[in-house]
Amino acid sequence: MILQLALPSPLRRLFDYLPPLGCNPALLRPGVRLRVPFGRREVVGVLIRTQQHSEVPADKLRAALELLDHEPLLPDSVWQLALRTAQYYQHSLGDTLAWALPSLLRQGEAAQMPDQWIWQAAPEARADDPSLNRAPKQQAALRVLKQHPHGIQHTNLARFDLQKATLDNLQSKGLVSLTCHRHQSKPRPSQWLHAAELPLNSEQQTALHALSAGLGRFQPYLLAGVTGSGKTEVYLQLIHQVLRAGQQVLVLIPEINLGPQTLSRFTERFNARIAMLHSNLTDRERLDVWLKARAGELDIVIGTRSALFTPLAKPGLIVVDEEHDASYKQQEGLRYHARDLAVLRGRLENVPVLLGSATPSLESLHNAQQGRYAQLKLNQRAGHAQPPKLLRLDIKSRPLDGGLSQPLLGAMRDTLGKGQQVLVFLNRRGFAPTLLCSHCGWQAECSRCDARLTLHQRQQRLRCHHCDSQRRIPEACPKCQSTELLPIGVGTERSEERLLELFPDYPVLRIDRDSTRGKHSMQALFAQIQRGEPCILLGTQMLAKGHHFPQVTLVAILEADGGLFSADFRAAERMAQQIIQVAGRAGRDSQPGRVLIQSQLADHPLLVQLCESGYFAFAEQALHERRQAGLPPFSQMALLRAEANQPALAEQFLQQACTLAEGLCPSASVELLGPVPAPMAKRGGKHRAQLLLLSEQRAPLHQLLAPWLAQLESLPEGRKVRWSLDVDPIDTY
Ligand code: ADP
Ligand code: ZN
Ligand code: ZN
């Protein structure tokens, strides 16, 4: 018998091995892990299939070393999901499984909840026991244990400054005991609600009715509800029904910063076994969540995109909150889109998939129009909240102070004076995006990227936001020696400095990646906002997503123009989503909200339409334009990227790739555009280029990709470059 294994390797192929010596062949089922020799290393592979013959010569075949599982690791649905993911994204199966599995499983850890070993003081043991007279360490250890009548877990000894050797000595004197406790699952609650459900308004009721009628089978839903319309309340009430049916729920959120807020809404509502997969978990904790979910010992699992692959014993519903969010698409390695795979998973599990957003992606709106997703709409804000008013502020000829115009400053004063909060949105961290020599026009640029360096005043550094390189701020212009170096433009750091001067009586809370580095600083900032006293929140997109800040009644968007200039065909969609999402933080409680949008192009038709007619009118228009231009979602795209130390190498490789593709696809049903330099042609010292594949239909594109990638893998030119394929790319950066 020959075992074909997926190994953690970028190569798109399987590897042949003989079974481990003396292994019962009945145990060798697809989906079990084996430890195998690989070159000079040992790695953990997953068995994909067995067969009778191998192409590998018999004297080259090696035997696997050890079988690690007695049962396949994944339930069939998630197994199929992983296989299809690898196929769809044209990625190595071994590497796909590596992304999908917790890291301890990739390293060969047993796939079961570990037994717990517990140290306890013997009931009659005393710290003044004569046998301890000359053993102060043992005495101290015994005292610690006596303070913990339920004992201390062996894995936690370090936390209490205890050493195993000390406890061993105490054990040999009969003063402490070590016992093994089998893992026991918490029982399923019978009463699910901690807190009463809100009475739904009629739109919410209609949505919930439709959703509950669809439980128990596959159907994607797009819940398109304006910001603050009570989408989360609809999720919660639907989830309650799923819990009552004895099933589990998987909830995906775009960003882990939203985790605590989401988690607390769930724990306040439900008396359920809820786990959140977040980046601060240890590998062991992550594996424990995975194992409990697989065993049905968790009712609700919340997590970011990679949580999609969490196995569930009894799945009942998948929710993807803020489905439009770009962070659902992984931008490295396995370039999957968790929203799209959630829909696939729903089909494989035969459960409904609920996609929610106030600003749905054009892809999802298109799917809804095509009837593939059932669309549910919430047009009104829930409770007493009013929709915010969006006002455009032309700043072409207005002087700005710290990025803020006079009318905006006036509105801020007014709002703070009424005891309310202001949110200022500026999607650019640092002090200033440019450092300019006012004498000769020199600008500080990154030597490794086609990009300017951002000035970070507090750190006294120039930093590249693309490759993370940094350097000291020069004292004089390196070109003309002039010392008149001026920061041009405004980032959050500069705005903060000016706001503190302009509003000395109010706290200014800056929220961006630089100010929230500490583990808990973000939570402390959010806690302060929730207290509701007047203050100014100043931040980047970290602030824009999904947060519920009841006291914010004024939102100021300092620069709304980015998306109107960009060459990326998705830029306008992103800009519109961002504006509406940030605007949606205003007036979420009883006081009405206002949104002021500063723009150099305040009369741009896109901006006018968005402000006057709202996101859905904008999206209608944008979809129309995409259809005219033959762009996604009206066509299918893949992007082959290459980067190399010399510009010619990347283009040569792509040129070869292009010729091969033409050979494989003579009917020209797939259009090949390029190769061209990437929009940022140099980044991190690498020269980058790309080849775009565009096709009206999905099938011809995918028929081309598999044989094409096999050819690319064996191209000698491919060894001198780093290349990757991005199926359904969401940006071409
Ligand atoms: P979304 O998820 O659509 O942004 P949320 O679910 O966060 O909206 O709801 C916004 C606010 O409205 C929350 O404070 C929520 O408690 C409240 N809310 C939601 N539904 C109702 C309802 N039916 N009646 C009263 N308040 C509601
Ligand atoms: Zn100069
Ligand atoms: Zn750089």
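So, here's what we can say about the structure. (Residues numbered from 1 in each chain as written. Chains lettered and ligands numbered in written order. Predicted model: local features only at pLDDT ≥ 70, side-chain atom pairs only at ≥ 80, totals over all residues. Heavy atoms only, no water.)

**A look at the coordination of the zinc ion (ligand 2)**
Next up, step 1: At the metal site, the zinc ion (ligand 2) is ligated by Cys437 (SG), Cys440 (SG), Cys477 (SG) and Cys480 (SG), and these contacts range over 2.2 to 2.4 Å.
Next up, step 2: Considering all four donor atoms around the zinc ion (ligand 2), the spread of angles at the metal, 104 to 112°, places the coordination shape in the tetrahedral class.
Next up, step 3: Read in sequence order, the donor residues coordinating the zinc ion (ligand 2) give the pattern C-x2-C-x36-C-x2-C. With Cys440 in the loop between strand E18 (434–437) and strand E19 (454–456) and Cys477 in the loop between strand E21 (470–472) and strand E22 (485–488), the pair connects residues that are 37 residues apart, well separated along the chain. (Donors = N, O, S within 2.8 Å, 3.2 Å for Na, K, Ca; no water. Tetrahedral: all angles 85-135°; square planar, octahedral: opposite > 155°, others 65-115°. Helix = DSSP H or I, 4+ residues; strand = E, 2+ residues; numbered from the N terminus.)

**Side note on the coordination of the zinc ion (ligand 3)**
By definition of the ideal shapes, four donors in a tetrahedron about a metal sit 109.5 degrees apart, and six donors in an octahedron sit 90 or 180 degrees apart.
Next up, step 1: Coordination of the zinc ion (ligand 3) by the protein comes from Cys446 (SG), Cys449 (SG), Cys464 (SG) and Cys467 (SG), over a distance range of 2.3 Å.
Next up, step 2: Geometry at the zinc ion (ligand 3) is tetrahedral, judged from the four donor atoms that bind it and their angles of 106 to 113° at the metal.
Next up, step 3: Spacing between the donor residues of the zinc ion (ligand 3) along their common chain follows C-x2-C-x14-C-x2-C. One end of the pair, Cys446, is in the loop between E18 and E19; the other, Cys467, is in the loop between strand E20 (461–463) and E21, with 21 residues separating them in the sequence. For the pair formed by Cys446 and Cys467, the shared burial category is buried. (Buried < 20%, exposed > 50% of the residue type's maximum accessible area, 1.4 Å probe, protein only.)

**A look at helix H17 (residues 605–613)**
Next up, step 1: Along H17, the residues that are buried comprise Leu607, Leu610 and Cys611. Down the axis of H17, the smallest arc covering the buried residues is 90°, so these residues share one side. Looking at H17, the residues exposed on the side facing more than 90 degrees away from the buried face are Pro605 and Glu612.
Next up, step 2: Check the buried side of H17 and you find it contacts strand E16 (389–394), helix H16 (571–583), strand E26 (594–599) and helix H18 (615–629).
Next up, step 3: Following H17 by one or two positions, Gly614 adopts a phi angle in the positive range, close to 90°. (Arc of directions from axis to C-beta. Contact = heavy atoms within 4.5 Å.)

**Observations concerning the site of ligand 1**
Next up, step 1: Taken together, 17 residues sit near ligand 1, with Pro199, Gln204, Lys231, Thr232 and Arg265 positioned nearest.
Next up, step 2: One of the side-chain nitrogen or oxygen atoms of His548 is found 3.1 Å away from an oxygen atom of ligand 1.
Next up, step 3: The fraction of the free accessible surface of ligand 1 (550 Å²) that becomes covered by protein chains is 79%.
Next up, step 4: A breakdown of the residues in the shell around ligand 1 according to their chemical character gives five nonpolar, eight polar and four charged. (Near = heavy atom within 4 Å. Polar contact = N/O pair within 3.5 Å; in protein donor to acceptor, adjacent residues only side chain to side chain. Areas by Shrake-Rupley, 256 points an atom, 1.4 Å probe, with all protein chains shown as cover. Nonpolar A, V, L, I, M, F, W, Y, C, P; charged D, E, K, R; others polar.)

**Observations regarding the pairing of strand E17 (residues 421–425)**
Next up, step 1: Where burial is concerned, most of E17 is hidden: five out of the five residues are buried.
Next up, step 2: Burial along E17 is two-sided: the residues Gln421, Leu423 and Phe425 and Val422 and Val424 are all buried.
Next up, step 3: The pairing of E17 with strand E25 (residues 552–557) spans five bridges and is classified as parallel. Looking across to E25, one finds that Val424 is bridged to Ala556.
Next up, step 4: Pairing between E17 and strand E24 (residues 536–539): four bridges, direction parallel. For Val422, the partnering residue across the bridge sits in E24 and is Ile536. (Pairing = 2+ DSSP bridges.)

**Overview of the sheet that holds E16**
Next up, step 1: Sheet architecture is open: six strands sit in the order E16-E26-E25-E17-E24-E23, paired in parallel fashion. Only two strands of the sheet have a single neighbouring strand rather than two, namely E16 and strand E23 (508–511). If you compare each strand with its neighbour and ignore which way they point, the axes differ by 20° on average.
Next up, step 2: Set on the sheet, helix H12 (residues 406–417) makes contact with E16, E17, E24, E25 and E26; between it and E26 the angle comes to about 160°. (Axes fitted to C-alpha atoms, helices over the stretch in contact; angles between N-to-C directions.)

**Here we look at the nonpolar core**
Next up, step 1: Among the nonpolar cores identified, the biggest contains 102 residues, and Leu640 and Trp708 are the most heavily contacted of them.
Next up, step 2: The element that contributes the greatest number of residues to this core is helix H19 (residues 647–664), accounting for seven residues.
Next up, step 3: Those residues in contact with Trp708 that sit more than four places away from it in its chain are Leu640, Ala657, Leu660, Ala661, Leu664, Leu691, Leu693 and Leu725.
Next up, step 4: Of all hydrophobic cores here, the second largest spans 29 residues; its members include Trp192, Tyr221, Leu236 and Val249. (Core = buried A, V, L, I, M, F, W, Y, C linked by side-chain atoms within 4.5 Å.)

**Some words on the packing of H16 against H17**
Next up, step 1: Where H16 contacts H17, the two axes come as close as 11 Å, and the packing angle between them is 35°. Once H16 is placed against H17, the crossing between them reads as right-handed. When H16 is examined against H17, the residues Ala572, Met575, Ala576, Ile579 and Ile580 are found in contact with a partner set consisting of Leu606, Leu607 and Leu610.
Next up, step 2: Residue classes in the contact of H16 with H17 are distributed as eight nonpolar, no polar and no charged. (Left-handed = near helix turned anticlockwise from the far one by under 90°.)

**A short note on the sheet that holds strand E30 (residues 722–727)**
Next up, step 1: The strand order E28-E29-E27-E30 describes an open sheet built from four strands, whose pairing is antiparallel. Each of the sheet's edge strands pairs with one partner strand only, and the pair in question is strand E28 (670–683) and E30. Strand-to-strand twist across the sheet, computed as the mean angle between neighbouring axes with direction ignored, equals 20°.
Next up, step 2: In the sheet, E28 pairs with strand E29 (residues 686–695) via eight bridges, with the strands oriented antiparallel. Each residue of the ladder has a partner; that of Arg683, found in E29, is Lys686.
Next up, step 3: This element, helix H20 (residues 698–713), spans strand E27 (636–644), E28, E29 and E30 of the sheet and lies at about 165° to E30.

**Quick look at H18**
Next up, step 1: Over its 15 residues, H18 extends 21 Å from the first C-alpha to the last, a length consistent with the 21 Å expected when each residue adds 1.5 Å.
Next up, step 2: Among the residues making up H18, those that are buried are Tyr615, Phe616, Phe618, Ala619, Ala622, Leu623 and Arg626. Angular distribution of buried residues about the axis of H18 spans 145°; they occupy a single face of the element. In H18, the exposed residues that point more than 90 degrees away from the buried face are Arg627 and Gln628.
Next up, step 3: Residues of H18 that are buried in the fold lie against strand E9 (219–225), helix H11 (362–369), strand E15 (374–378), H16 and H17.
Next up, step 4: Within two residues after H18, Gly630 carries a phi angle of roughly 65°, on the positive side. (Expected span 1.5 Å × (residues − 1).)

**Here's the deal with the packing of aromatic side chains**
Next up, step 1: The tally for this structure, following the rule as stated, stands at eight aromatic pairs.
Next up, step 2: Relative to Phe38, the ring of Phe15 has its centre 5.4 Å away and its plane inclined at 85°; by these criteria the two rings are edge-to-face. One end of the pair, Phe15, is in strand E2 (residues 15–17); the other, Phe38, is in strand E3 (residues 33–38), with 23 residues separating them in the sequence.
Next up, step 3: Plain terms: the ring middles of Tyr615 and Phe616 are 5.7 Å apart, the flat faces sit at 85° to each other, and that makes the pair edge-to-face.
Next up, step 4: Ring-pair connections join several aromatic residues into one group, and the members of that group are Tyr615, Phe616 and Phe618. (Phe/Tyr/Trp six-rings, centres within 6.5 Å; stacked < 30°, edge-to-face > 60°.)

**Remarks on the side chain of Arg273**
Next up, step 1: With respect to the helices and strands, the residue Arg273 is situated in the loop between helix H8 (259–269) and strand E11 (274–277).
Next up, step 2: At a separation of 3.5 Å, a polar atom in the side chain of Arg273 contacts the main-chain carbonyl oxygen of Gly296.
Next up, step 3: In this structure, Arg273 is in contact with Lys186, Pro187, Arg188, Pro189, Gly296, Glu297, Leu298, Asp299 and Ile300, ignoring residues within four places of it in sequence.

**Considering the pattern of salt bridges**
Next up, step 1: By the definition in use, this model includes 33 salt bridges.
Next up, step 2: Its salt-bridge partner being Asp726, residue Lys329 comes within 2.9 Å of it at the nearest N-O pair. Here Asp726 lies in strand E30 and Lys329 lies in the loop between strand E13 (315–321) and helix H10 (338–349), a separation of 397 residues in the sequence. An identical accessibility class is assigned to Lys329 and Asp726; each is buried.
Next up, step 3: With its nearest N and O atoms 2.9 Å apart, the salt bridge here joins Glu496 to Arg458. One end of the pair, Glu496, is in helix H13 (residues 492–502); the other, Arg458, is in the loop between E19 and E20, and 38 residues separate them in sequence.
Next up, step 4: Glu496 sits in the buried class, given a relative accessible area of 10%.
Next up, step 5: Residues joined in a network through salt bridges with shared partners are Lys329, Arg335, Arg641 and Asp726. (Salt bridge = Lys/Arg side-chain N within 4 Å of Asp/Glu carboxyl O.)

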